[in-house]
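Read off the chains here:
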Amino acid sequence: GAVVSQHPSRVICKSGTSVKIECRSLDFQATTMFWYRQFPKQSLMLMATSNEGSKATYEQGVEKDKFLINHASLTLSTLTVTSAHPEDSSFYICSAQERNQETQYFGPGTRLLVL
Amino acid sequence: EDKVVQSPLSLVVHEGDTVTLNCSYEVTNFRSLLWYKQEKKAPTFLFMLTSSGIEKKSGRLSSILDKKELSSILNITATQTGDSAIYLCAPRIQGAQKLVFGQGTRLTINP
(Lines give C-alpha, C1' and ligand atoms only; values in the text may rest on other atoms or scores of the structure.)
Protein backbone atom coordinates (compact mmCIF):
# COMPACT_ATOMS: atom_id res chain seq x y z
CA GLY A 1 0.00 0.00 0.00
CA ALA A 2 0.84 3.74 -0.05
CA VAL A 3 2.40 3.89 -3.49
CA VAL A 4 3.11 7.21 -5.14
CA SER A 5 4.22 7.50 -8.73
CA GLN A 6 5.77 10.36 -10.66
CA HIS A 7 6.02 10.94 -14.35
CA PRO A 8 8.29 11.49 -16.11
CA SER A 9 11.23 10.10 -14.16
CA ARG A 10 13.65 12.15 -16.20
CA VAL A 11 13.18 15.05 -18.59
CA ILE A 12 15.54 17.18 -20.64
CA CYS A 13 14.19 20.38 -22.12
CA LYS A 14 15.36 23.54 -23.78
CA SER A 15 15.56 26.81 -21.93
CA GLY A 16 12.31 28.76 -22.18
CA THR A 17 10.01 25.78 -22.49
CA SER A 18 7.55 24.56 -19.86
CA VAL A 19 7.65 21.15 -18.26
CA LYS A 20 4.83 19.36 -16.47
CA ILE A 21 5.48 16.74 -13.81
CA GLU A 22 2.70 14.48 -12.57
CA CYS A 23 2.37 12.96 -9.13
CA ARG A 24 -0.17 10.22 -8.49
CA SER A 25 -1.22 8.31 -5.39
CA LEU A 26 -2.00 4.84 -6.71
CA ASP A 27 -3.76 3.12 -3.84
CA PHE A 28 -5.02 5.84 -1.55
CA GLN A 29 -6.68 9.21 -1.71
CA ALA A 30 -4.21 12.00 -1.16
CA THR A 31 -5.96 14.99 0.30
CA THR A 32 -2.62 16.73 0.58
CA MET A 33 0.37 16.60 -1.72
CA PHE A 34 3.74 18.23 -1.29
CA TRP A 35 6.35 19.25 -3.81
CA TYR A 36 10.03 19.25 -2.89
CA ARG A 37 13.21 20.14 -4.65
CA GLN A 38 16.53 18.53 -3.87
CA PHE A 39 19.94 19.72 -4.95
CA PRO A 40 22.89 17.32 -5.06
CA LYS A 41 24.02 16.23 -1.60
CA GLN A 42 21.43 18.45 0.06
CA SER A 43 18.24 17.73 1.91
CA LEU A 44 14.70 18.12 0.71
CA MET A 45 13.47 21.67 0.32
CA LEU A 46 9.70 22.05 0.50
CA MET A 47 8.38 24.17 -2.35
CA ALA A 48 4.65 24.04 -1.78
CA THR A 49 1.78 22.22 -0.15
CA SER A 50 -1.39 21.54 -2.07
CA ASN A 51 -4.74 20.43 -0.76
CA GLU A 52 -7.20 18.88 -3.18
CA GLY A 53 -9.46 21.49 -4.68
CA SER A 54 -7.60 24.43 -3.12
CA LYS A 55 -4.82 26.73 -4.19
CA ALA A 56 -1.35 25.62 -3.24
CA THR A 57 0.52 27.22 -0.37
CA TYR A 58 4.02 28.15 -1.43
CA GLU A 59 7.05 28.38 0.81
CA GLN A 60 8.89 31.64 1.15
CA GLY A 61 11.09 32.33 -1.83
CA VAL A 62 9.29 30.00 -4.22
CA GLU A 63 7.74 31.82 -7.18
CA LYS A 64 4.18 30.64 -7.62
CA ASP A 65 3.97 31.96 -11.18
CA LYS A 66 7.02 29.95 -12.14
CA PHE A 67 6.07 26.72 -10.39
CA LEU A 68 2.39 26.16 -11.09
CA ILE A 69 0.75 23.51 -8.96
CA ASN A 70 -2.60 21.92 -9.61
CA HIS A 71 -4.24 19.37 -7.32
CA ALA A 72 -7.48 18.78 -9.15
CA SER A 73 -8.27 15.31 -7.85
CA LEU A 74 -7.57 13.14 -4.82
CA THR A 75 -5.02 11.10 -6.74
CA LEU A 76 -3.27 13.59 -8.96
CA SER A 77 -1.19 16.72 -8.52
CA THR A 78 0.88 18.40 -11.20
CA LEU A 79 3.83 20.74 -11.05
CA THR A 80 4.53 22.84 -14.12
CA VAL A 81 7.87 24.57 -14.36
CA THR A 82 7.17 27.50 -16.66
CA SER A 83 9.77 29.11 -18.89
CA ALA A 84 12.43 26.80 -17.52
CA HIS A 85 16.01 27.99 -17.13
CA PRO A 86 19.19 26.00 -16.47
CA GLU A 87 19.07 26.98 -12.80
CA ASP A 88 15.75 25.13 -12.53
CA SER A 89 17.61 21.89 -13.20
CA SER A 90 17.10 19.77 -10.13
CA PHE A 91 15.51 16.67 -8.64
CA TYR A 92 11.81 17.28 -7.97
CA ILE A 93 10.03 14.95 -5.58
CA CYS A 94 6.39 14.84 -4.61
CA SER A 95 4.84 13.26 -1.57
CA ALA A 96 1.25 12.44 -0.73
CA GLN A 97 -0.65 12.20 2.50
CA GLU A 98 -4.06 10.76 3.27
CA ARG A 99 -6.62 12.70 5.28
CA ASN A 100 -6.04 12.50 9.05
CA GLN A 101 -2.83 10.58 8.54
CA GLU A 102 0.59 11.91 9.40
CA THR A 103 2.88 9.97 7.14
CA GLN A 104 3.95 11.37 3.81
CA TYR A 105 4.75 8.83 1.11
CA PHE A 106 7.17 9.91 -1.54
CA GLY A 107 7.19 9.44 -5.27
CA PRO A 108 10.37 8.27 -7.02
CA GLY A 109 11.26 11.78 -8.14
CA THR A 110 11.78 13.54 -11.47
CA ARG A 111 15.18 14.65 -12.61
CA LEU A 112 14.89 17.80 -14.69
CA LEU A 113 17.72 19.06 -16.86
CA VAL A 114 17.26 22.37 -18.63
CA LEU A 115 19.73 23.03 -21.43
CA GLU B 1 12.82 29.44 13.10
CA ASP B 2 12.40 25.68 13.06
CA LYS B 3 15.68 23.83 13.06
CA VAL B 4 16.68 20.20 12.64
CA VAL B 5 20.26 19.00 13.04
CA GLN B 6 21.38 15.51 12.25
CA SER B 7 24.69 14.00 13.27
CA PRO B 8 26.98 12.76 12.11
CA LEU B 9 26.65 14.17 8.61
CA SER B 10 28.58 11.24 7.26
CA LEU B 11 29.48 7.84 8.67
CA VAL B 12 31.49 4.98 7.19
CA VAL B 13 31.51 1.62 8.94
CA HIS B 14 32.12 -2.04 8.15
CA GLU B 15 29.44 -4.58 7.54
CA GLY B 16 28.22 -6.06 10.79
CA ASP B 17 28.83 -2.93 12.85
CA THR B 18 26.09 -1.21 14.81
CA VAL B 19 25.40 2.46 14.14
CA THR B 20 23.46 5.18 15.94
CA LEU B 21 22.23 8.21 14.06
CA ASN B 22 21.14 11.32 15.90
CA CYS B 23 18.49 13.93 15.25
CA SER B 24 18.01 17.08 17.32
CA TYR B 25 15.20 19.48 16.70
CA GLU B 26 13.96 22.88 17.74
CA VAL B 27 10.46 23.36 16.42
CA THR B 28 7.40 25.16 17.67
CA ASN B 29 4.56 22.91 18.80
CA PHE B 30 6.14 19.55 18.08
CA ARG B 31 3.70 16.83 17.06
CA SER B 32 5.66 13.87 15.72
CA LEU B 33 8.95 12.90 14.13
CA LEU B 34 9.46 10.76 11.05
CA TRP B 35 12.53 8.91 9.82
CA TYR B 36 13.13 8.20 6.15
CA LYS B 37 15.77 6.31 4.19
CA GLN B 38 16.86 7.76 0.87
CA GLU B 39 18.87 5.70 -1.54
CA LYS B 40 19.21 6.83 -5.13
CA LYS B 41 15.72 8.11 -5.54
CA ALA B 42 13.04 9.38 -3.21
CA PRO B 43 12.83 8.72 0.53
CA THR B 44 11.11 5.66 1.87
CA PHE B 45 9.30 5.79 5.19
CA LEU B 46 10.87 4.04 8.18
CA PHE B 47 9.25 5.19 11.42
CA MET B 48 6.91 7.73 12.91
CA LEU B 49 7.42 8.60 16.58
CA THR B 50 4.98 10.51 18.70
CA SER B 51 5.55 9.36 22.25
CA SER B 52 8.71 9.78 24.25
CA GLY B 53 10.58 6.68 25.38
CA ILE B 54 8.70 4.13 23.31
CA GLU B 55 10.98 2.26 20.95
CA LYS B 56 9.78 1.41 17.48
CA LYS B 57 11.44 -1.54 15.83
CA SER B 58 11.55 -3.01 12.37
CA GLY B 59 14.01 -5.81 11.87
CA ARG B 60 17.49 -4.52 12.52
CA LEU B 61 16.31 -0.92 12.71
CA SER B 62 14.92 0.75 15.79
CA SER B 63 14.20 4.30 16.81
CA ILE B 64 13.22 6.20 19.91
CA LEU B 65 12.14 9.73 20.72
CA ASP B 66 13.18 11.84 23.71
CA LYS B 67 10.89 14.85 23.92
CA LYS B 68 12.68 16.19 26.96
CA GLU B 69 15.98 16.32 25.10
CA LEU B 70 14.27 17.27 21.81
CA SER B 71 15.99 14.45 20.02
CA SER B 72 15.63 11.08 18.43
CA ILE B 73 18.02 8.29 17.55
CA LEU B 74 17.93 5.67 14.85
CA ASN B 75 19.85 2.46 15.52
CA ILE B 76 20.86 -0.09 12.94
CA THR B 77 22.39 -3.34 14.17
CA ALA B 78 24.37 -5.89 12.15
CA THR B 79 24.63 -3.43 9.27
CA GLN B 80 24.62 -4.65 5.69
CA THR B 81 25.79 -2.97 2.50
CA GLY B 82 22.15 -2.46 1.57
CA ASP B 83 21.81 -0.12 4.54
CA SER B 84 24.02 2.40 2.75
CA ALA B 85 21.82 5.44 2.20
CA ILE B 86 21.03 8.91 3.46
CA TYR B 87 18.86 8.82 6.57
CA LEU B 88 16.59 11.81 7.07
CA CYS B 89 14.65 12.83 10.13
CA ALA B 90 11.72 15.21 9.91
CA PRO B 91 9.70 16.63 12.78
CA ARG B 92 6.14 17.63 12.14
CA ILE B 93 4.58 20.65 13.77
CA GLN B 94 1.22 20.59 15.52
CA GLY B 95 -1.44 22.04 13.28
CA ALA B 96 0.80 22.10 10.22
CA GLN B 97 0.95 19.55 7.49
CA LYS B 98 4.52 19.99 6.46
CA LEU B 99 7.63 18.21 7.66
CA VAL B 100 10.87 19.99 8.48
CA PHE B 101 13.72 17.92 7.12
CA GLY B 102 17.20 17.68 8.55
CA GLN B 103 20.19 17.64 6.25
CA GLY B 104 20.54 13.91 6.59
CA THR B 105 23.23 11.45 7.61
CA ARG B 106 25.03 9.73 4.76
CA LEU B 107 25.74 6.19 5.92
CA THR B 108 28.16 4.01 4.00
CA ILE B 109 28.58 0.34 4.86
CA ASN B 110 31.74 -1.24 3.50
CA PRO B 111 31.91 -5.00 2.97
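Predicted model, so just to flag it, every value in this text is computed and none were measured.

1. Section: the sheet that holds strand β1 (residues 4-7) of chain A
Backbone hydrogen bonds hold the strands of a sheet together, and the pairing may be parallel or antiparallel.
Residue and element names in this part refer to chain A.
Now for step 1: The four strands are arranged β1-β3-β8-β7 in an open sheet whose pairing can be described as antiparallel. Sheet topology places β1 and β7 (67-73) at the edges, where each strand pairs with a single neighbour. Strand-to-strand, the axes of this sheet are offset by a mean angle of 15 degrees, without reference to chain direction.
Now for step 2: Here four bridges tie β1 to strand β3 (residues 19-25), and the two strands are oriented antiparallel to one another. Bridge pairing in β3 places V4 opposite S25.

2. What about the interface of chain B and chain A?
Now for step 1: Taken together, the 19 residues of chain B in the interface contact 23 residues of chain A.
Now for step 2: Carbon and sulfur atoms make up 51% of the surface buried where chain B meets chain A, a total of about 1,600 Å² over both sides.
Now for step 3: Three residues, Q97(B), K98(B) and F101(B), lead the burial of chain B against chain A; their summed loss comes to 29% of the area buried on that side.
Now for step 4: In this structure, E102(A) engages R31(B) in a salt bridge whose closest nitrogen and oxygen atoms are separated by 2.4 Å.
Now for step 5: The interface formed by chain B and chain A holds eight residue pairs in polar contact (both at pLDDT 80 or more) in total.
Now for step 6: If you list the elements that add at least two residues to the side of chain B that touches chain A, you get β4 (30-38), β5 (44-49) and β9 (85-93) of chain B.
Now for step 7: With five residues, the single largest contributor to the side of chain B that touches chain A is β4(B).
Now for step 8: Classifying every residue of the side of chain B that touches chain A gives nine nonpolar, five polar and five charged.

3. Quick word on the environment of A56(A)
Residue and element names in this part refer to chain A.
Now for step 1: Relative to the assigned elements, A56 resides in the loop between β5 (44-51) and β6 (57-58).
Now for step 2: In the structure, A56 is positioned 19 residues away from T75 in sequence and 15 Å away in space, judged by C-alpha atoms.
Now for step 3: When neighbours within four sequence positions are excluded, A56 is seen to be in contact with T49, S50 and I69.

4. Describing the nonpolar core
Now for step 1: Core analysis: the largest hydrophobic core is formed by 24 residues, its most contacted members being W35(A), F67(A), L79(A), Y92(A) and L112(A).
Now for step 2: Among the elements of the structure, β2 (10-13), β3, β4 (30-38), β5, β7, β8 (76-81), β9 (90-98) and β11 (110-114) of chain A are those that each provide at least two residues to this core.
Now for step 3: Residues contacting Y92(A), with those up to four places away along its chain left out, are Q6(A), I21(A), Y36(A), R37(A), M47(A), F67(A), L79(A), G109(A), T110(A) and L112(A).
Now for step 4: Core analysis: the next-biggest nonpolar cluster, separate from the first, contains 23 residues, V4(B), Y25(B), L74(B) and C89(B) among them.

5. Some details on the side chain of H71(A)
Residue and element names in this part refer to chain A.
Now for step 1: As for its placement among the helices and strands, H71 is situated in strand β7.
Now for step 2: At a separation of 3.2 Å, a polar atom in the side chain of H71 contacts the main-chain carbonyl oxygen of A30.
Now for step 3: Excluding anything up to four places from it in sequence, H71 contacts A30, T31, T32, M33, S50, N51, E52, G53, L76 and S77.

6. Brief notes about the environment of S10(B)
All names here are of chain B.
Now for step 1: Within the fold, S10 resides in strand β2 (residues 10-14).
Now for step 2: Overall, the relative accessible area of 47% leaves S10 in the partly exposed class.
Now for step 3: Between the C-alpha atom of S10 and that of Q97, which follows or precedes it by 87 residues, the distance is 29 Å.

What counts as what
- Residues numbered from 1 in each chain as written.
- Chains lettered and ligands numbered in written order.
- Predicted model: local features only at pLDDT ≥ 70, side-chain atom pairs only at ≥ 80, totals over all residues.
- Heavy atoms only, no water.
- Pairing = 2+ DSSP bridges.
- Helix = DSSP H or I, 4+ residues; strand = E, 2+ residues; numbered from the N terminus.
- Axes fitted to C-alpha atoms, helices over the stretch in contact; angles between N-to-C directions.
- Contact = heavy atoms within 4.5 Å.
- Buried area = accessible area lost by both parts, 1.4 Å probe.
- Salt bridge = Lys/Arg side-chain N within 4 Å of Asp/Glu carboxyl O.
- Polar contact = N/O pair within 3.5 Å; in protein donor to acceptor, adjacent residues only side chain to side chain.
- Nonpolar A, V, L, I, M, F, W, Y, C, P; charged D, E, K, R; others polar.
- Core = buried A, V, L, I, M, F, W, Y, C linked by side-chain atoms within 4.5 Å.
- Buried < 20%, exposed > 50% of the residue type's maximum accessible area, 1.4 Å probe, protein only.

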